[in-house]
Amino acid sequence: MKLLNVDLGERSYVIHIGAGLLQEAGRLFAEKGIPHRSPLMIVTDRHVAKHHLAPLRQSLEAAGYRVCEAVVEPGEKTKSLDMLNSLVATALENGLDRHSTIVALGGGVVGDLAGFLAASYMRGIPFVQVPTTILAHDSSVGGKVAVNHALAKNIIGAFHQPLMVLYDTSTLSTLPEREVRAGLAELLKEGLIWNREFVHWFDEHAEALLALDADALREALYQGCKVKAHVVSQDEREGGLRAILNLGHTIGHALEAVAGYNELLHGEAIAIGMVGAAKLSIRLGYPEAETVYRETKRLLQKLGLSVSIPAHYDTEAIMSAMMHDKKFKEGKMVFVVSPEIGRVEIRSDIQPDWVREIIEQLKRED
Ligand SMILES: NC(=O)c1ccc[n+]([C@@H]2O[C@H](COP(=O)([O-])OP(=O)(O)OC[C@H]3O[C@@H](n4cnc5c(N)ncnc54)[C@H](O)[C@@H]3O)[C@@H](O)[C@H]2O)c1
Ligand SMILES: O=C(O)C(=O)C[C@@H](O)[C@H](O)[C@H](O)COP(=O)(O)O
Ligand SMILES: [Zn+2]
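As the structure is a computational prediction, the values presented were derived from the model and not from experiment.

1. Some thoughts on the pairing of strand β1 (residues 2–6)
Across 5 bridges, β1 lies against strand β2 (residues 13–18) in antiparallel orientation. Paired with N5 across the strands is V14, a residue of β2. A loop of 6 residues connects β1 with β2, the two strands running antiparallel in sequence, and G9 in this loop sits at a positive phi of about 60°.

2. Regarding the site of ligand 1
Near ligand 1 lie 33 residues; those nearest to it are H47, P74, G107, G108 and S139. Counting residues per element, the ones that place at least two in the shell around ligand 1 are α2 (46–62), α4 (108–120), α5 (136–139), α6 (177–194) and α11 (266–283). If you tally residues by element for the shell around ligand 1, the top one is α4, at 4 residues. Two domains each put at least three residues into the shell around ligand 1: domain 1 (2–174) and domain 2 (177–363).

3. Here's the deal with the site of ligand 2
Neighbouring residues of ligand 2: D138, G142, K144, K153, N154, E186, E238, R242, L245, N246, H249 and K326. Each residue belonging to the shell around ligand 2 can be placed in one class, and the counts come to 1 nonpolar, 4 polar and 7 charged. When residues of the shell around ligand 2 are assigned to domains, at least three fall in each of domain 1 (2–174) and domain 2 (177–363).

4. Overview of the confidence of the model for the chain
Mean pLDDT for the chain: 97, with 100% of residues reaching 70 or above. Listed scores for the predicted complex are pTM 0.98 and ipTM 0.99.

5. Considerations on α2
Look at α2: 23 Å from first C-alpha to last across 17 residues, which is about the 24 Å you get at 1.5 Å a residue. All buried positions along α2 are accounted for by V48, A49, H52, L53, L56, R57, S59 and L60. Tucked into the core, α2 has its buried residues touching α1 (21–32), β3 (40–45), β4 (67–72), β5 (102–106), α4 and β6 (127–131). G64 lies just past α2 and shows a positive phi near 95°.

Conventions and cut-offs
Residues numbered from 1 in each chain as written. Chains lettered and ligands numbered in written order. Predicted model: local features only at pLDDT ≥ 70, side-chain atom pairs only at ≥ 80, totals over all residues. Pairing = 2+ DSSP bridges. Helix = DSSP H or I, 4+ residues; strand = E, 2+ residues; numbered from the N terminus. Near = placed C-beta within 6 Å. Domains from an automatic or database assignment. Nonpolar A, V, L, I, M, F, W, Y, C, P; charged D, E, K, R; others polar. pLDDT = per-residue confidence, 0-100. Expected span 1.5 Å × (residues − 1). Buried ≥ 20, exposed ≤ 12 C-beta atoms within 10 Å, placed from the backbone. Contact = placed C-beta atoms within 7 Å.

Below is the structure:
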């Protein structure tokens, strides 16, 4: 078992990483002081429920908690205001009050949706993150919770930190292969922005990670969560530094929105976006940027990910979707770029025509 602290003063919390944590949840909830009087609500999706809902529920009930559940449809389209509305109804019907806790069991979709339910229900109640995907090393930590709008990703949301994160690595054994690859892309991002040694380690352990080797996964998730926790501890509400976690997301989020949240997985879109950011870094003239580009692309392809934008995506639609990026200031583009592996910069002197050209190039990338 590995433990990490997210240091946020009175909102600090612990990330528990290890096998078998679902079975320990009841004890850990009680130790955390989560009250028994008010019902808990587990929010999960249909895929996750099939494999992992019963042990979590049993553990909580065995510890004396009253538990209700909401099982949503899997997929990015579920991160919507309509779904939030329906979850509020479920919470009311089951008598959730201000002392109730929401439990997000699943990947980033469930984490963001259930987290935003917790942030908004009765003006905010506590929640616990129980991530079940590799990608959720990122989404379960840091308190960004949100739903999407047709025009823009994560545009209705809040900052609301969980009470704790219970990362049961044994849940990952049931992850579909495509989700493994997509999650590893976001994990690689943590190294590219902050930790050059982790990128080398990642390269050496890529096959083990793809094979879901337990030791490699635990170490990688620990390193990924460590970067995330460190950055969030310094800049909880994205006054500045936290924006580095958005490497690849300016193009990536636009691709997700243009595709109607229905084609590219988040990690797949971010993979393409990171190659775009590396190309932009070359354009900006950083001496090491060619290496960043070559290595980013090689590592993503080693994971079996595509680094090209599907040719039928309309360039101007991507450009328009990008203009809703939350980093942009006064209508000016703001991009996270990569001067060298393990270090990024935030640049606000980006010409839209450079980005347009890169999007066109990414459609021909192989
Ligand atoms: N809040 C943040 O800081 C943050 C950070 C990164 C990503 N995100 C968001 O996270 C979302 C992507 O998260 P994701 O990649 O985890 O996607 P996801 O939640 O859609 O899960 C991926 C798929 O795997 C299935 N699944 C999940 N766990 C499983 C398991 N253990 N076994 C079998 N199937 C399982 C799900 O049902 C789903 O079909 C995006 O909406 C993205 O915007 C948020
Ligand atoms: O936690 C952050 O900050 C991030 O940027 C992490 C991203 O990986 C994540 O996709 C996040 O949801 C993006 O947030 P947004 O503010 O760009 O919508
Ligand atoms: Zn992301």
